[in-house]
Amino acid sequence: MSTDTAVPGPPPTPRSPTLDVAALRAATPGMRHARHMNAAGAALPSAATLAAVTDHLRLESLLGGYEAAEALADSTERVYQSAARLIGAAPQDIALVDSASTAWQRALGALRLKAGDRVLASSSTYVSSALHLLEMRDSHGIVLEVLPADASGQVDLGALETALREPAALVTIAHVPTSSGLVEPVAAVGALAAHAGVPLLLDATQSLGQLPVDVQEMHCGIVVATGRKFLRGPRGTGLLYVDPELRARTRPAAPDVRGAEWSSAYQYEVVPGARRYETWESSHALRLGLGTALDEALDLGVALIRDHVTELAERLRAGLSGVPGIRRTDPPAAASGIVTFLREDEDPRQTVRDLRATGFRLTTVPASHGQWDLGRRGLERVARASLHVYNSADDVDALVAALTARERRRRGARVANVETVSRTASGLPSGVTPGSPTPTSAGPEPASPTPRSAGPEPGSPTPTFTGPEPGSPAPTSSGPEPGSATGAATVPEPVSARPQPAPSSRPTGSPGDRADVIVVGAGIHGSSAAWQLAARGASVIHLDRFPAGHTEGSSHGRTRMIRRAYPAEIWDGLVDTAYNAWQELELASGQRLVTTAGGLYARAAGAPGTLRGPGCENVDHARAAELFPGLRLCEGFSAVHDPDAGVIDAQAALTALAALGRAHGVDRRDGCAVLRWRRDGEGVRVDTAQGVLHAGRLVVCAGPWTGELLPAFARPLSVVRIVNLHLGSSRRHLLEPPLLGAFSVDVPDVGLLYGIPAFGGAGVKIGLDHGPPEDPSVPAGPVTEAERDRLLGLASRFLPAADGPVEETITCRYTMAPKNRFAVGRLPGEDRVLMAAACSGHGFKFGPALGAALADLAEGKERPDLDFLSPAAMGITDRPGPGAGA
């Protein structure tokens, strides 16, 4: 082993027993956009690593490449010192290269293997290394022997010891393979190789940065590693260690001016250290980024990193064991931050695609990347999650929940298919199985699991929903804002014509026509309220005037925007509540519903009405271009940057709320129009086209039809037509996070253009937040050519990458209120009636939060934080009286 002086490590200092994951996540820009679980592919770099790269590139642009390298020569030299410290070597033993494969090729080339030389390779060997060995077998005549694995999956040490009784030129092993979480017993392998006098080549590509690597303890002659994986360095970086004793016996197969001196016409001398394996041309910016990543790993301590990632990996393996249909594929000796698995009867690529659409970043590994491992075990491909310091237990639990929820949906679909075939064969109607009575309600299935809800804690009393009427709140107001459609619609699916209320054979006067609460409207607010009320113990009848899937209201469509940037401080508390409510819904549903992408909200410099908010900052057009290269703002525009803004998966949210409501017993009745309502003793009577219903309370979330149910709101509220386009692109990455997030541009003489980045397979979404008045009693017509052309013209101006076809057109309705505010709370003079309506195009983001608020109010709790949105604040102070036609 090396006789050079290794770089001394820092003096021991007390370390926290755990990592500050929150701080590490905050310092990792990529974690704002998704739950990244692909460190074994390319880990997310920190903001400091990113800055080290970009700062040097800027310096090169100012000074020139050679001059910038000279100016930061000392910083580059420290990269060698940091790499040496990490593996217990000396700086002169380190070469910096552009990848682990390059390091491998340079090291193997220097060994000058010849015909008959035996190379002993573990079954964990990486694909590129294996391909090189196979080529050398064919072209140089080396003898390649793949060592067997024992029952744990590790290299069979007995077989290695036997193989080393005969002369060998090299032993090579991957510390951690790319195809599983296996950890090889490198120290034991190194000891056997050293005893036999055979050099050990260690591939630390998947271990360096997550597991301790010490070249002395492991008896390594050569170590190769990459920077982009668990070291969290930039792509295009790697390192090579060669023991001094081995270097003395080997020379580079292709010397370069960086590692040799041309001393005379026919003579050259290689430099004494490992830099003889480098080339002159390299990226100094990337090397400095690697140095920053190395220093961050050293500062955290690899042992602490190991404890964190292996604990998360074990948590994930344990969680996967409880998911029906999931098969773990890691061998018994798995002990790293990599976890592999398969879903029953599904290509892992589809599994990963589905997870990516819900905000998880995983990958797959094919057998062609590990034939000696996956091929030997009969696995064609596996899904792979790999965890790092910026991951948390919440990430792991969310992944398990997402896989569990999807498996339940898959199995439910299979059961439904079987039942449909059975009913068809027996001539029975949908929903009736042979020998079963005709159902009279839409309650939960007996075997349905009860998801965790945001309702009361265990042991809390069941509410009676007879709380007192609070006093009238003081009126206030807020400013306008760009929006997203919201209102009374259901799970969105395209329909070819205006849906009509469906006839029903439900008998009237039965127990199923009474409930604690009737909720009218199955958009985001009504669905959230129904779930919350049922989760807290109330019986709920949930009505919508149209069949499920209609597009007449405001909650349909794929995506919505969430943001902290708002025009006035009075909104900040409710915005914070909204973010928390989405997290609770994600936990209850087991799905990722919100993806942080950042947001930019632009207007002409000096224009009134600029947004603001916690964590937001004002930026000029040049900085906006750096943040969102996909959005083009010309000089004269400024913007508010909201790093917490993001994309809501609206379609998945409505589906999740409907499922959660059913699981808690919500009696959902689509296609059931409300004709009229009135106070009836201590409760409310609701007349529908299908009969009379009674409840203790009525919650109205009727969107564009609010004025019909509550006539006092007909005058202050207006319904307008909104048009959206989803656009394709030849450069789709420019319209996806992180190169584009949520945005709006207040275009002079045009209006407010808003957009949501390409997401979940859909193209970028754009629209204008104003439109002509529209009568909700008339079917919404298709997007006109003029409406389409207007938006396409704005797209070409502000989204140059949106050069593809129109993928989808959408019409919806905004229910606008004075000053673009809402109406949420109890009706004056009607203590049994609550409402959430007129959300002015920006209410979807508040759906789960307002659903919980309505449940609170129904329980008699006060919500003073909503006083500024009360009906009284809109000027509705008299008893509105009953309405009809909704």
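Here, the structure is the one placed above.
Here goes a summary of the coordinates provided.

How each quantity is defined
- Residues numbered from 1 in each chain as written.
- Predicted model: local features only at pLDDT ≥ 70, side-chain atom pairs only at ≥ 80, totals over all residues.
- Heavy atoms only, no water.
- Helix = DSSP H or I, 4+ residues; strand = E, 2+ residues; numbered from the N terminus.
- Buried < 20%, exposed > 50% of the residue type's maximum accessible area, 1.4 Å probe, protein only.
- Contact = heavy atoms within 4.5 Å.
- Pairing = 2+ DSSP bridges.
- Axes fitted to C-alpha atoms, helices over the stretch in contact; angles between N-to-C directions.
- Expected span 1.5 Å × (residues − 1).
- Salt bridge = Lys/Arg side-chain N within 4 Å of Asp/Glu carboxyl O.
- Phe/Tyr/Trp six-rings, centres within 6.5 Å; stacked < 30°, edge-to-face > 60°.
- Lys, Arg positive; Asp, Glu negative; His and termini not counted.
- Core = buried A, V, L, I, M, F, W, Y, C linked by side-chain atoms within 4.5 Å.
- Parallel < 35°, antiparallel > 145°, perpendicular 65-115°, else oblique.
- Left-handed = near helix turned anticlockwise from the far one by under 90°.
- Polar contact = N/O pair within 3.5 Å; in protein donor to acceptor, adjacent residues only side chain to side chain.
- Patch = residues over 30% accessible without salt bridge, like charges linked within 9 Å, V, L, I, M, F, W, Y side chains within 5 Å.
- Areas by Shrake-Rupley, 256 points an atom, 1.4 Å probe, with all protein chains shown as cover.

Structural notes on the overall build of the protein
In step 1: When you go through the protein residue by residue, the secondary structure sums to 22 helices and 34 strands.
In step 2: Among the 886 residues that make up the protein, the fraction classed as buried is 56%.
In step 3: Considering only contacts within the protein whose residues lie at least 6 apart along the sequence, 76% involve residues at least 24 apart.

Some thoughts on the sheet that holds strand E7 (residues 222-226)
In step 1: With mixed pairing, the 7 strands of this open sheet are ordered in space as E2-E8-E7-E6-E5-E3-E4. Edge positions in the sheet fall to strand E2 (94-97) and strand E4 (143-146), since each of these pairs with one other strand and no more. Here the average twist between neighbouring strands, direction ignored, is 15°.
In step 2: Pairing geometry for E7 and strand E8 (residues 238-242), over 5 bridges, is antiparallel. Each residue of the ladder has a partner; that of Thr 226, found in E8, is Gly 238.
In step 3: Against the sheet, helix H6 (residues 100-111) touches E2, strand E5 (170-174), strand E6 (200-203), E7 and E8, its axis set at about 160° to E7.

Concerning helix H7 (residues 127-140)
In step 1: Taking 1.5 Å per residue, 14 residues should reach 20 Å; H7 reaches 19 Å between its end C-alpha atoms and fits that length.
In step 2: Among all positions of H7, only Val 127, Ser 129, Ala 130, Leu 133 and Met 136 are buried.
In step 3: For H7, the secondary structure elements touched by its buried residues are H6, strand E3 (118-121), E4, E5, E6 and helix H14 (371-375).
In step 4: Gly 141 sits one or two positions beyond H7 and adopts a positive phi of about 80°.

Some remarks on the sheet that holds strand E32 (residues 806-816)
In step 1: Spatially, the 8 strands line up as an open sheet ordered E21-E22-E20-E29-E30-E31-E28-E32, and their pairing is mixed. If you trace the sheet from one side to the other, it starts and ends with strand E21 (617-620) and E32, each paired once. Along the sheet, successive strands turn relative to each other by an average axial angle of 20°, direction set aside.
In step 2: Contacts from helix H21 (residues 785-798) reach strand E22 (637-642), strand E28 (718-727), strand E29 (742-747), strand E30 (751-756), strand E31 (764-768) and E32, with the element oriented near 55° to E28.

With respect to the pattern of salt bridges
In step 1: Counted by the stated rule, this structure contains 46 salt bridges.
In step 2: With a closest N to O distance of 2.5 Å, Arg 536 and Asp 856 form a salt bridge. Taken together, the residues Arg 536 in the loop between helix H16 (524-535) and strand E17 (540-544) and Asp 856 in helix H22 (residues 847-858) connect sequence positions 320 residues apart.
In step 3: By relative accessible area, which is 8% here, Arg 536 ends up buried.
In step 4: Ionic contacts of the salt-bridge type, sharing partners, join the residues Arg 536, Asp 856, Glu 859, Lys 861, Arg 863 and Asp 865 into one network.

Some remarks on helix H12 (residues 302-321)
In step 1: Helix length check: H12 (20 residues) gives 28 Å between terminal C-alpha atoms against 28 Å at 1.5 Å per residue, within 8%.
In step 2: Taken together, the buried positions of H12 are Val 302, Leu 304, Ile 305, His 308, Val 309, Thr 310, Leu 312, Ala 313, Leu 316, Arg 317, Gly 319 and Leu 320.

Some thoughts on the pairing of strand E23 (residues 646-649)
In step 1: In this sheet, E23 lies alongside strand E18 (residues 559-562) in antiparallel orientation, the contact comprising 4 bridges. Paired with Arg 560 across the two strands is Ile 648, which belongs to E23.
In step 2: In this sheet, E23 lies alongside strand E19 (residues 594-596) in antiparallel orientation, the contact comprising 3 bridges. By the bridge assignment, Val 594 is partnered in E23 with Ile 648.

What about unusual backbone geometry?
Outside of glycine, negative phi angles account for most residues, and trans bonds account for most peptide bonds.
In step 1: The omega torsion of the bond from Pro 737 to Pro 738 falls at 5°, within 30 degrees of zero and hence cis.
In step 2: If you trace the backbone, Pro 738 turns up in the loop between E28 and E29.
In step 3: Backbone geometry places Arg 232, a non-glycine residue, at a positive phi of 65°.
In step 4: Residue placement: Arg 232 occurs in the loop between E7 and E8.
In step 5: One non-glycine residue, Asp 345, lies in the positive phi region at around 60°.
In step 6: You can see Asp 345 is positioned in the loop between strand E12 (338-343) and helix H13 (348-357).

Remarks on the packing of aromatic side chains
In step 1: Counted according to the given criterion, the structure contains 10 aromatic pairs.
In step 2: Ring centres 5.5 Å apart and planes at 65° place the aromatic pair Phe 546 and Trp 705 in the edge-to-face group. Here Phe 546, found in the loop between E17 and E18, pairs with Trp 705, found in the loop between strand E27 (691-700) and helix H20 (706-709); they are 159 residues apart in sequence, far enough to count as distant. Comparing Phe 546 with Trp 705 shows no difference in burial state: the two are buried.
In step 3: Members of the aromatic cluster, connected to one another through ring pairs, are Tyr 566, Trp 571, Phe 822, Phe 846 and Phe 868.

What to know about the pairing of strand E26 (residues 683-688)
In step 1: For E26, the buried fraction is high: 5 of the 6 residues fall into the buried class.
In step 2: As judged from the 6 bridges shared by strand E25 (residues 674-680) and E26, these two strands associate in the antiparallel manner. Its bridge partner lying in E26, Arg 679 is registered against Val 684.
In step 3: Hairpin connection of E25 to E26: 2 residues between the antiparallel strands, including Gly 681 at a positive phi of 65°.

Topic: the environment of Gly 860
In step 1: Considering the arrangement of structural elements, one finds Gly 860 in the segment after H22.
In step 2: In the structure, Gly 860 is positioned 29 residues away from Asp 831 in sequence and 9.7 Å away in space, judged by C-alpha atoms.

With respect to the side chain of Lys 229
In step 1: Checked against the element boundaries, Lys 229 lands in the loop between E7 and E8.
In step 2: Comment: no salt bridge for buried Lys 229; closest opposite-charge side chain is Asp 203, at 8.9 Å.

Observations concerning the nonpolar core
Side chains of a nonpolar character, in soluble globular proteins, are inclined to be buried together.
In step 1: Leu 533, Trp 571, Trp 582, Val 699 and Phe 846 are the most contacted members of the largest nonpolar core, which has 51 residues in total.
In step 2: When contributions to this core are tallied by element, the ones reaching two or more residues are strand E16 (514-520), H16, helix H17 (572-589), helix H19 (650-663), strand E34 (830-837) and H22.
In step 3: Listed in part, the 38 residues of the second largest apolar core include Ala 163, Val 171, Leu 202 and Ala 225.

Focus on the packing of helix H3 (residues 47-63) against helix H11 (residues 284-300)
In step 1: At a minimum axis separation of 8 Å, H3 and H11 run at an interaxial angle of 155°. Relative to H11, H3 is oriented roughly antiparallel. For the pair H3 and H11, the crossing hand works out as right-handed. Counted together, Ala 48, Thr 49, Ala 52, Val 53, His 56, Leu 57 and Glu 60 of H3 and His 284, Ala 285, Leu 286, Leu 288, Gly 289, Thr 292, Ala 293 and Glu 296 of H11 form the full contact between these two elements.

Describing the environment of Leu 734
In step 1: Topologically, Leu 734 is positioned in the loop between E28 and E29.
In step 2: Leu 734 gets classed as buried once you look at its relative accessible area, which sits at 17%.
In step 3: In this structure the C-alpha to C-alpha distance between Leu 734 and Ala 801, which are 67 residues apart in sequence, comes to 6.6 Å.
In step 4: If sequence neighbours within four positions are ignored, Leu 734 has contacts with Gly 630, Leu 739, Leu 740 and Ala 801.

With respect to the side chain of Gln 690
In step 1: By secondary structure assignment, the location of Gln 690 is in the loop between E26 and E27.
In step 2: Residue class for Gln 690 comes out buried when judged on its relative accessible area of 16%.
In step 3: A polar side-chain atom of Gln 690 sits 3.0 Å from the main-chain carbonyl oxygen of Gly 671.

As for a nonpolar patch on the surface
In step 1: A surface patch of nonpolar side chains, about 390 Å² in accessible area, is lined by Tyr 66, Val 257 and Trp 280.
In step 2: Looking at the element boundaries, Trp 280 is found in the loop between strand E10 (267-270) and H11.
In step 3: Judged by relative accessible area, which is 45%, Trp 280 ranks as partly exposed.

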